[in-house]
Amino acid sequence: MFLDPEFLPVYESLPEMDVFADVRGARVALAAASGDGKSDGEVNVEDREIPVEGRTLGVRLYTPVSRSAAPLPVAVWIHGGGFVLGGPNAEDATCRRLTAELGIAIVAPDYRLAPEDPYPAAFDDCYAALRWVVDEADALGVDVAKVALGGHSAGAALVAAVALAARDRQGPHIRYLHLGYPVLDDRLESESARAVTDPKLFNRQGAAAGWAFYLQGSDPEAGYAVPGRAKDLRDLPASYILVDGVDPARDEALEFAARLSAAGNSVELHLVPGVPHMFDVLAPGIRASRRAVAAWTSAFAHGIGAS
């Protein structure tokens, strides 16, 4: 498949990778490359433990150092990592940037990971984090009318799942969704799922492995495990979907966007040609990454109601 010429030097430097073959090693490598979760001159960072059904769930709270007395818009930001990797540090840079640039609060749940804790563990944790944000809104200084969910890759799948559950359960009102290159369908039957097999990139094999670790025998038709299998997409929040052209999950994301729109929802779709999954992380300096990040950040600010 076509690759953006600016991305080619990055592609050539990439090793062949299969993070699902050595999950423990991949976790160590990701931790070494992630943020440190410390406060700085622009953003206050606080790690908390919240009670969830007889146990605790770690969450990280980001707030701007300079803030007015008015309640802040708030986003629950769900990290990616194929359902098996990562934690709040994995997207620390994104959470800091959004907090500082948009003047919002962000809560990042440290949800349980597969394969140790398969579905519904991660979903339950992310839904619990959303409920906690709304229940503790006054203490947190956030505005329950300006609540968004955001995430990339598997994080975006969890965003969609939590939004579906909140609708069905008449749970917290969600104003806006950001789904960055979401993985939404375990069936991998699309053209892009068959075409993207390059071992240097996130490919069909990686997508299948992530879903296998996450589902582990769960019925993919039941509950909120696989958002792409949801029959009813009506009455969901306004959404922004970022899709990359060289991605096994490309076509399922495009189909999900079309189905959301057909169901009467507000959807903004940005397809970036010639770049792979996580292109903005792999090559943040290329024009495609700078344009895409600027576009979705602007849309997110508008969607969440940031001033």
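Our subject is the structure that appears above.
Cut-off values and rules
Residues numbered from 1 in each chain as written. Predicted model: local features only at pLDDT ≥ 70, side-chain atom pairs only at ≥ 80, totals over all residues. Heavy atoms only, no water. Buried < 20%, exposed > 50% of the residue type's maximum accessible area, 1.4 Å probe, protein only. Helix = DSSP H or I, 4+ residues; strand = E, 2+ residues; numbered from the N terminus. Salt bridge = Lys/Arg side-chain N within 4 Å of Asp/Glu carboxyl O.

(A) Representation of helix H3 (residues 92-102) in the model. Along H3, the residues that are buried comprise Asp-92, Thr-94, Cys-95, Arg-96, Leu-98, Thr-99 and Leu-102. Where H3 terminates, the next one or two residues include Gly-103, which has phi positive at roughly 65 degrees.

(B) View of the pattern of salt bridges. All told, the structure shown has 19 salt bridges when counted by the stated rule. As a salt-bridge pair, Arg-48 and Glu-46 come within 3.0 Å of each other at their nearest N and O atoms. The partly exposed category is assigned to Arg-48, whose relative accessible area is 29%. Here Glu-46 falls in the partly exposed class, since its relative accessible area comes to 38%. Across the pair Asp-186 and Arg-229 runs a salt bridge, and its minimum N-O distance is 2.8 Å. Placement of the pair is Asp-186 in the loop between strand E6 (176-180) and helix H7 (191-195) and Arg-229 in the loop between helix H8 (204-215) and strand E7 (238-246), with a sequence separation of 43 residues. One exposure class covers both Asp-186 and Arg-229, and it is buried. Through salt bridges with shared partners, a single network forms among Asp-40, Asp-47, Arg-60, Asp-92 and Arg-96.

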